[in-house]
Protein chains: 2
Amino acid sequence: MPPAIFIVDDDPSVRKSLERLLRASGYKTQAFASAEDFLACRPCQNPKEPACLVLDVRMPGISGINLQQELVKAGVILPIVFISGHGNIPMSVQAMKNGAVDFLPKPFAEEELLAAVEQALTKAARLQKETVEKAEIRRRVKTLTPREYEVFRWVITGMLNKEIAAELKVTEKTIKVHRARVMQKMKAASIADLVRLAEKIGIRSPLR
Amino acid sequence: MPPAIFIVDDDPSVRKSLERLLRASGYKTQAFASAEDFLACRPCQNPKEPACLVLDVRMPGISGINLQQELVKAGVILPIVFISGHGNIPMSVQAMKNGAVDFLPKPFAEEELLAAVEQALTKAARLQKETVEKAEIRRRVKTLTPREYEVFRWVITGMLNKEIAAELKVTEKTIKVHRARVMQKMKAASIADLVRLAEKIGIRSPLR
DNA sequence: AAAGGTATTGGACCAAGGTCCAATTTACAA
DNA sequence: TTGTAAATTGGACCTTGGTCCAATACCTTT
């Protein structure tokens, strides 16, 4: 399954030529006439394969910039390449601040768009990989009981079992049991692994 | 010592009004008439306090965009707020891609500039802190002997001493000695600490 | 009331890590 | 050539972590 490029532009002729160009370059495309139409397509916002969005900034109804903000807010992983006929600097700056991959004023060279799309897809692949990894780690954390989670956070500080035991006012033996369960449930083969898992999803130790 | 704002603009009247505005807001300022002049000021590129740069895009000689690229290439920590009289979209996009904090077309409201400068200084403080931390860790790594460094990279995989010993074709005893020295020199109180130090400066384990 | 998940603890035991002592060999620089 | 740093190893010893067994107490849900 080839990478999917979503296109949102209110101008039918632009949609048509973009689709022609991108398909000729080997991409699968899906075009929408408005931000509203695109938002109505739920699967589009959670693609299985790396995907990106070629988006017109100025459109009737929800603008491209607003669509971007909505998608960012919703946590949708979909790098955006903006194209604009009547954009201005503040618009482009805003788009870039919100994480756009590029912002191309019309007219642009075909190669410019293709390069930007290529970059967007690379970014999408990276983000998707990270997201999947994090989701898996969070899934494991959710299987921990409250107490196990507590011990987890103490263990990654590097404290000794006996110290953690004193901190939680239980015996060292209890910590050992919880600790073993944490390692099992988190599928960590070593403390080093456990620390890295915690770092990846930003689990803070109870200290500081 | 108040935060320093460097100003680079070829227009004397712009320099003057920027300095007046920023000084009235409590900042220390230092203005330059060209990118070349700024580059000639070595201490400006390695400020002790958080600092930032208010930079005109279009200037005779080295342009603002080029100056930015030079600074990025040189690893200078100096967030940039661009101001431009005759900028265009590709310019602003390029600037933002290179990490600019903002890109303000003239005329801009004073509050816009002040807000951008504030943001730039916050960013500078964060970057400086991170850089100092990393430098300290790298300094410690440099005190490791080649063999100790080797053992370091194996230790953070979570492998047992005996396994590392087999890998390096030495006895477990030897690994213990190296390992102890690594912990000492890296000032790590636990494996958890050591792993975090390694992560921060991106030390890869010998595996994959 | 019974069942299941959670939290706790104990004993026994072994493996692993860490530390104190000391020693040998090698390689490179003064 | 001599000194110094690096790499290596040994012994003895203690602490810590991990694991197998098992048991008790509490709470919530069925």
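Here is what the cut-offs are and how they apply
Residues numbered from 1 in each chain as written. Chains lettered and ligands numbered in written order. Predicted model: local features only at pLDDT ≥ 70, side-chain atom pairs only at ≥ 80, totals over all residues. Heavy atoms only, no water. Axes fitted to C-alpha atoms, helices over the stretch in contact; angles between N-to-C directions. Helix = DSSP H or I, 4+ residues; strand = E, 2+ residues; numbered from the N terminus. Parallel < 35°, antiparallel > 145°, perpendicular 65-115°, else oblique. Left-handed = near helix turned anticlockwise from the far one by under 90°. Contact = heavy atoms within 4.5 Å. Nonpolar A, V, L, I, M, F, W, Y, C, P; charged D, E, K, R; others polar. Near = heavy atom within 4 Å. Polar contact = N/O pair within 3.5 Å; in protein donor to acceptor, adjacent residues only side chain to side chain. Phe/Tyr/Trp six-rings, centres within 6.5 Å; stacked < 30°, edge-to-face > 60°. Buried < 20%, exposed > 50% of the residue type's maximum accessible area, 1.4 Å probe, protein only. Least-squares fit on C-alpha atoms with pLDDT ≥ 70 in both.

**A short note on the packing of helix H9 (residues 191–200) of chain A against helix H9 (residues 191–200) of chain B**
Look at H9 of chain A against H9 of chain B: their axes get within 9 Å of each other, and the N-to-C directions meet at 50°. As summarised for this structure, H9 of chain A and H9 of chain B are arranged oblique, according to the angle between their axes. Remark: the crossing between H9 of chain A and H9 of chain B carries right-handed chirality. From H9 of chain A, Ala192, Val195, Arg196 and Glu199 of chain A reach across to H9 of chain B, where they touch Ala192, Val195, Arg196 and Glu199 of chain B. For the contact of H9 of chain A with H9 of chain B, the residue count by class is four nonpolar, no polar and four charged.

**Focus on the protein's contact with DNA strand C**
Neighbouring DNA strand C are 16 residues; Thr145, Arg147, Lys173, Thr174 and His178 of chain A lie closest to it. In the interface set of DNA strand C, defined as its atoms within 4 Å of the protein, sugar plus phosphate atoms amount to 65%. Here threonine 174 of chain A contributes a side-chain N or O atom positioned 2.5 Å from a phosphate oxygen of DNA strand C. Within the side chain of lysine 176 of chain B, a nitrogen or oxygen atom sits 2.9 Å from a base nitrogen of DNA strand C. For the surface near DNA strand C, the secondary-structure elements that each account for two or more residues are helix H6 (146–155) and helix H8 (172–185) of chain A together with helix H7 (161–168) and helix H8 (172–185) of chain B. Class assignment for the residues of the surface near DNA strand C results in four nonpolar, five polar and seven charged.

**Observations regarding the packing of aromatic side chains**
All names here are of chain A. Throughout the structure, instances matching the rule amount to 10 aromatic pairs over all chains. Here phenylalanine 32 and phenylalanine 38 contribute two aromatic rings whose centre-to-centre distance is 5.2 Å and whose plane-to-plane angle is 85°, an arrangement assigned as edge-to-face. Assessed through its relative accessible area of 10%, phenylalanine 32 is described here as buried. Note on phenylalanine 38: relative accessible area 0%, which makes it buried. Here the aromatic residues Phe6, Phe32 and Phe38 are joined through ring pairs into a cluster of three or more.

**So, the relation of the copies chain A and chain B**
Mapping chain A onto chain B calls for a rotation angle of 180° and an axial translation of 0.1 Å; the resulting RMSD is 0.1 Å. Accordingly, the operation relating the two chain copies is best matched by a two-fold axis. It is isoleucine 89 of chain A whose C-alpha, among those of chain A, lies nearest the rotation axis, at 2.6 Å. Both copies present the same face, since 100% of the interface residues in chain A are matched by interface residues at the equivalent positions in chain B.

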